[in-house]
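# Structural description and commentary
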Amino acid sequence: MSFKSDIIRLIDDRQLDQALKQIHHLVERIITEPLCTSHVFGSKTLDELCMRIGRINLANITHETPVNTQGLPVFVYIVTKLQKSGGHTRVIEDFIKTQPVGQHTILSTELDGKSDVEYLNNVLAKQANVVLEQCPKVNYQKRLTWLQMRLVALAPKKTYLFNHHQDSVAVAAIQPEMHLDASFYHHGDHHLCLGVYLSHLKHIDPHPMGYHNCRNVLGIENIYIPLTVEDKDDRPTDWPFMSDGTLTTCTAARSNKIEIPYFVSYLGLIPELLKATGGKHIHIGRLTPWALFKIRRGLKRYGIQSDRFVYIPWVPSVWKSLHDFRVDLYVASFPYGGGLTLIEAMGAGIPVALHRHIFSRVLSGIDLAYPEAFSWRSPDELLTYCASLTPETLGALSRLSRGQYEKFHRVENLHAVINATELDKVTPADLSDNFSIESDEWALWVERQLNVRRLLARMAYRTFKRFRAWIS
């Protein structure tokens, strides 16, 4: 039997909890498979199954009468987990700021661990009337019941779905019968994500490459709401570039964006970059102990002093840190780029260097940057570029970088878009011509990955045979 028929059988037998769980686990298996990344974006079948589960569950719950004791418009944000790191949390924060007169309620399914209540109290709650409601630690169907009952009781003016890729509960919750003005925010944009094909929700894409991919490739009717970041000032004009005669570079990303199998390794490239520039590299974002070991082993191999690599697991503001460390060039993360950190770098007036992914425009992020931004595919391109930079060149690029931020990504732009009556009239710029898919490189990389897996499978089988012989 197929996976779909198995889930339908569970639904028909009213085993809704098991059906939700199976969908959740399937998506988790797919998003942890690197070969599926930026190839599988959504599933009409899985979304339809989630909708079917949600419809049956909604029909069997006791509906509460909506009560609004404060008389304020209610805005609801459905999340899988509220955390201080992660781009979608920052977007929610910006959305809240655009509607200061309102009651903002964050409903979390908690299917990816407990939310960061401290972040809510220390950051979000100080900016507006915000409440976090965490789902009790119960099974999937009971979480769905809780979420649907809260949506009915709150009767929100606007509802935004910010689910993680595999959150079947969040995607099943909003039903057409609720008559909610609701939107799906497509932040899980480089993996399979549940909710992509929910036709009764407005589909929001936050960057040009995602917008064009969903509209022109996936055939989804969508709207564009650009990523924005609060302005924390341009790079001070009295700070010279390369002030000590060498280049200071920076990358901001957690392990989930750079510790990924790929034909170029960030962990191996950073020591080479420091050798080429003679300067310093700042890494912001938590890495695994193994990653740090590999970087420091590379530094030792090239005879590079350890203090030229600065590791900072977390900062409250990447923007401010770029200024504090007098960064000359922001090297965007790879193989997975980060949209908000790239925008922070441009807002801070820092020139940027982006990696052209071998098969994914979405993962590259070059369409977010200023048109003149340097992009590279092979490591030699980046090393040569960084070694050739001068203060004068960096100064000119700094102005272009800041100009890109001011034109597209200031918070004032988000206010204008959110409060616009015709969101479908807001469209991103055309895609850059500076990108092409390297089919041959991609095919060779996939073959290498498969060969490694075959080797590991054979080794595991031989180990099993020896173990079985030993115990028999």
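How each quantity is defined
Residues numbered from 1 in each chain as written. Predicted model: local features only at pLDDT ≥ 70, side-chain atom pairs only at ≥ 80, totals over all residues. Heavy atoms only, no water. Pairing = 2+ DSSP bridges. Helix = DSSP H or I, 4+ residues; strand = E, 2+ residues; numbered from the N terminus. Axes fitted to C-alpha atoms, helices over the stretch in contact; angles between N-to-C directions. Core = buried A, V, L, I, M, F, W, Y, C linked by side-chain atoms within 4.5 Å. Buried < 20%, exposed > 50% of the residue type's maximum accessible area, 1.4 Å probe, protein only. Contact = heavy atoms within 4.5 Å. Right-handed = clockwise from strand over helix to strand, strands pointing away. Salt bridge = Lys/Arg side-chain N within 4 Å of Asp/Glu carboxyl O. Parallel < 35°, antiparallel > 145°, perpendicular 65-115°, else oblique. Left-handed = near helix turned anticlockwise from the far one by under 90°. Nonpolar A, V, L, I, M, F, W, Y, C, P; charged D, E, K, R; others polar. 1 Å grid on protein atoms, 1.4 Å probe; cavity = no way out; pocket = protein on both sides within 12 Å on 5 of 7 lines; lining within 4 Å. Points joined across faces, edges and corners; volume = space filled by probe spheres on them.

Below, the discussion takes up the sheet that holds strand β2 (residues 103–108). Across the sheet, which stays open at both edges, the seven strands sit in the order β3-β2-β1-β4-β5-β6-β7 with parallel pairing between neighbours. Edge positions in the open sheet fall to β3 (130–134) and β7 (222–224), since each of these has one partner strand only. Going from strand to strand, the sheet's axes swing by 25 degrees on average, the running direction of each strand aside. By the bridge criterion, three bridges tie strand β6 (residues 202–205) to β7 in an arrangement that is parallel.

Our next topic: the nonpolar core. In this structure, Tyr-77, Phe-95, Phe-162, Leu-322 and Val-352 are the most contacted members of the largest nonpolar core, which totals 87 residues. Setting aside residues no more than four positions away along its own chain, Leu-322 makes contact with Cys-250, Val-327, Tyr-330, Glu-344, Ala-345, Ala-348 and Ile-350. Judged by nonpolar contacts, the second largest core, of 51 residues, contains Leu-26, Val-169, Val-171 and Leu-218.

This paragraph deals with the pairing of strand β9 (residues 280–284). Among the five residues in β9, four count as buried, and that is most of the element. Bridge analysis of strand β8 (residues 248–252) against β9 gives five bridges, and the strand direction is parallel. Considered in β9, the bridge of Ala-252 is made with Ile-284. Pairing analysis gives four bridges linking β9 to strand β10 (residues 309–312), with the strands arranged parallel. Across the sheet, the residue bridging to Ile-282 is Val-310, located in β10. On the question of chirality, the crossover connecting β9 to the parallel β10 by way of helix α11 (residues 289–301) is right-handed.

Moving on, we come to the sheet that holds strand β13 (residues 374–376). Strand order across the open sheet formed by six strands is β10-β9-β8-β11-β12-β13, with parallel pairing between neighbours. The open sheet has two edge strands, β10 and β13, and neither has a second partner. Each strand of the sheet is rotated relative to its neighbour by a mean of 20 degrees, with strand direction disregarded.

The next subject is the pattern of salt bridges. Working definition: two side chains of opposite charge can pair if their charged atoms are close together. A full pass over the atoms with the stated rule returns 15 salt bridges. One salt bridge in this structure joins Lys-97 and Glu-93, with 3.7 Å as the shortest N-O distance. With Lys-97 and Glu-93 both in helix α4 (residues 87–98) and four residues apart, this pair spans about one turn of that helix. With a relative accessible area of 24%, Lys-97 lands in the partly exposed category. Glu-93 gets classed as buried once you look at its relative accessible area, which sits at 11%. The salt bridge partner of Asp-181 is Lys-202, with a shortest N-O separation of 2.8 Å. Pair noted here: Asp-181 is in the loop between α7 (168–173) and β5 (182–185) and Lys-202 is in strand β6, with a separation of 21 residues, a long-range link. For Asp-181, a relative accessible area of 30% gives the class partly exposed.

In this section: the packing of helix α10 (residues 266–277) against helix α15 (residues 379–388). Contact geometry for α10 and α15: axes closest at 9 Å, N-to-C directions at 30 degrees. Classified by the angle their axes make, α10 and α15 are roughly parallel. With respect to the hand of their crossing, α10 and α15 are arranged in right-handed fashion. On α15, the residues that touch Leu-269, Glu-272, Leu-273, Ala-276 and Thr-277 of α10 are Pro-379, Leu-382, Leu-383, Cys-386 and Ala-387. Tallied by class, residues from the contact of α10 with α15 come to eight nonpolar, one polar and one charged.

Another point: the layout of surface pockets. The volume enclosed by the second largest pocket comes to roughly 400 Å³. Class assignment of the residues belonging to the lining of the second largest pocket gives a composition of 16 nonpolar, six polar and three charged.

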